[in-house]
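# Inside the fold
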Amino acid sequence: MKIHFLALLLLFCFHLSGQNPAFDKIDRFLSELNQQHNFSGSVLVAWKGQVFKKGYGLSDREAKTAFTPQTISCIGSVTKQFTGAAILKLEMMGKLKVEDPISKYFPNVPADKQGITLHHLLTHSAGFPGSIGDDYDSISTAEFVKLSMNQPLLFKPGNAFEYSNVGYSLLGIILEIVTKEPYEVFLNKHLFKPAGLTQTGYVLPGFKSTNVATGYRRERNWGKINEKNWAVDGPYWHLRANGGILSNVEELYKWHEALLGEKILSKEAKAKYYARHIEEGEGAGSFYGYGWTNFPTPRQTTLIAHNGGNGIYFCDFLRYIDEDLTVILMTNATRREYHQLASQCARACILPDFVPALKINDPSKTVPVDQSEHDALIKSFIKSISSGEEKEIRAMIDKLFATRFKEDFPIEQHVKILTQLGSEVKNLELATINVHDRGFTINFTGSPLTIEMELDEGKIAGIMAGN
C-alpha cells in the first residue's frame, strides 16, 4: 500500500512539474494584466493533452466575487455556432435543407428576397443589414419577420458578405417554425445535453444571479445581461439566436470536445459547418462557414474561430484543430485591446520564445474638446443629434459616418438611436475627451454620460453611449 501511495505521489509531482511552460507564461501575462489594468475574466487553454484554466479579477466588484472558470458570462456572437449546428442537425433529421428558400417558411416574401436561402442566412450573404433594432427592444416574432422583410437589401443575395445578426435571428425563427419548439428548448435537447452542457443557455439552466458575471464599462456597473429587458424565455428577437447565450469556459470546452466526434454533427454536416463558404470581404483572407470563421495560419494549418461581445462582455473561442490547441477566453469588462488576448495566449503555446504582451492605451490622456483635433467633428455631431431634426441627422450621417458603419443599420434605425441620444445630451455641456488609438470618449460637465467613438480614416465608424 505504501509503495502504491508513493508511486501515485511521485506521478502527481511529475505531472505538476511537467506542466507546459506556456501555461506559466499565460498565467503571468493575465495576472499582470489584472494587477495593472483590472482585467477580469477567465481563460481555458488546452494544448497537447494538458488543460490550463483560471479566473482573474472579480465577476462582481461590488460583492467582491471572484471570477472563476465556472463563472457564467455572456458569449455574444459565439451563439451563432449553436444556431448553425442546430440548422445542420435539422438537416440531418430530414426536416429542412440549407438550400431551402426562406419563402418556404415565411409567407409573402418580397420579390427582392425570394432568392434568399438558409445558406445565405448562415453565411451572412443574404444582404440583410447588421441589425434592425436594439438588443433589448421588445418585439414579437411576427413583428421581427415583418420588419426584416421590409428592409432594403444591401446587395443581391449571394453576391457579397455583410455580417448580419438579422439573418441568424431569422434562422432561429425558422427553427421554431420547423420544430414547433422554442429555440432554446431545441438547443438544450439536441446540442447541449448530448454534449454534456448543463450551464449553457438563456434561462433553462436556471442560473443563480450570484454566479453570473456583472458587466462593466470601464468603472461603471452595467448590470447583468440576463437582467436586461428580456422575455420570460430569453432575449427578444433582436438578440435571440444571434447572440446573448450564457456559458463559461469549461462548458465551451466540452462543446469543442463534442464537436471533435460525431455525437452532435455527422462528418458530412461538419464539412458544411466549417467550410470556407464565403470570404469575409474582398481580400480578407478569412472565410465564413456556418457560425464559424475559417482562417489559414502561417504554418499552413487552419484556425476555426469566432468571437462575440457587446462592448461590455467579450468571448473569444480559438480552435487550432490541426495543432491540438484550443483557447477560450471571457471577460466582463472588455476594451478593444482585449480582443488580442486569446491570440496572445495561443502564440505563447505555438512559439516557444514568444512572450505575450499587450499595449494598453492610457485613458488619462484627456484634453478639452476645443483643444482637440476632433473639435469640429464632435461639435457637428452633437449639434446635429441635439436638433432632433431627421433631415439634419441624416445629412450628418452622410457626411461624417464611415460607409461600413452606415450600412450596419438601416438609416431609419440610425436616426432613431441618434435622436434618442440627442435628447439626452441636448442640455449638457461638452467637457473633455479621452483619446485612444482608435478614437476617443466624449465627457460632459456634471453628467456620468459618455459617448465613445471609433474612427476610421477620420470618419465615425462606431458609437457607444453609456452612464
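Refer to the structure presented above.
Predicted model only: the values in this text are computed from it and were never measured.

### What about the pattern of salt bridges?
Tallied over the full model, the rule gives 20 salt bridges. The salt bridge partner of Lys 272 is Glu 91, with a shortest N-O separation of 2.9 Å. A residue pair is termed long-range when its members are at least 10 positions apart, and Lys 272 in helix 9 (residues 267-274) and Glu 91 in helix 3 (residues 80-92) qualify at 181 residues. Look at Lys 272 and you get partly exposed, because its relative accessible area is 27%. We classify Glu 91 as buried; its relative accessible area is 19%. Residues Arg 394 and Glu 412 are paired through a salt bridge, measuring 3.8 Å at the closest nitrogen-oxygen approach. Here Arg 394 is found in helix 12 (residues 390-400), whereas its partner Glu 412 is found in helix 14 (residues 411-425), with 18 residues between them in sequence. When its relative accessible area of 31% is taken as the criterion, Arg 394 is described as partly exposed.

### Things to note about the pairing of strand 12 (residues 302-309)
Looking along a regular strand, one sees the side chains alternate between the two faces of the sheet. In this sheet, strand 12 lies alongside strand 11 (residues 293-296) in antiparallel orientation, the contact comprising four bridges. In the sheet register, Phe 295 faces strand 12, and the bridge partner there is Leu 303. Linking strand 11 back to strand 12 in an antiparallel pair, the connection comprises five residues, with Gln 300 at a positive phi of about 65°. Across six bridges, the pairing between strand 12 and strand 13 (residues 314-320) is antiparallel. What sits directly across from Gly 309, in strand 13, is Phe 314. The turn linking strand 12 back onto strand 13 is made up of four residues, and Gly 311 within it adopts a positive phi angle of 90°.

### Quick look at helix 9
For helix 9, the full list of buried residues reads Ala 269, Lys 270, Tyr 273 and Tyr 274. Buried residues along helix 9 cover an arc of 120° about the axis, so they all sit on one side. Buried residues along helix 9 sit in contact with helix 3, helix 8 (249-260), strand 11, strand 12 and strand 13.

### Some thoughts on the state of the cysteines
On inspection of all chains with the given rule, the structure shows zero disulfides. For Cys 74, which is in no disulfide, the shortest distance to another cysteine sulfur is to Cys 315 and amounts to 8.5 Å.

### Describing the packing of aromatic side chains
With the rule as written, the count across this model stands at 16 aromatic pairs. Taking the centre distance of 5.1 Å and the plane angle of 40° together, the rings of Tyr 273 and Tyr 274 count as tilted. Overall, Tyr 273 belongs to the buried group, its relative accessible area being 0%. Residue classification places Tyr 274 among the buried positions, given a relative accessible area of 18%. The ring of Trp 237 carries Arg 240 above its face, with NZ or CZ at 5.3 Å from the centroid.

The rules behind the values
Residue positions within a chain follow its written sequence, with the count starting from 1. Totals for whole chains, interfaces and linings use all residues, but because this is a predicted model, local features are given only for residues with pLDDT of at least 70 and pairs of side-chain atoms are given and counted only at 80 or more. Excluding hydrogens and water, the side-chain values take into account all heavy atoms of the structure. What counts as a salt bridge is simple: a side-chain nitrogen of Lys or Arg found within 4 Å of a carboxyl oxygen of Asp or Glu. Secondary structure counts use DSSP, requiring at least four H or I residues in a row for a helix and at least two E residues in a row for a strand, with both numbered from the N terminus. The buried label goes to any residue with under 20% of its type's maximum accessible area, the exposed label to any with over 50%, and the partly exposed label to all in between, with areas taken from a 1.4 Å probe on protein chains only. Any two strands are treated as partners once DSSP identifies two or more bridges connecting them. The reported arc concerns the directions from the helix axis to the C-beta atoms and nothing else. Contacts: residue pairs with any heavy atoms within 4.5 Å of one another. The term disulfide is used for any two cysteine sulfur atoms that are within 2.5 Å. Stacked, edge-to-face and tilted are the three classes for Phe, Tyr and Trp ring pairs, Trp counted by its six-membered ring, which pair at centre distances within 6.5 Å; planes under 30 degrees apart are stacked, over 60 edge-to-face, the rest tilted. Put simply, a charge is over a ring when the Lys NZ or the Arg CZ is close to the ring centre, within 6 Å, and near the line of the ring normal, within 35 degrees.

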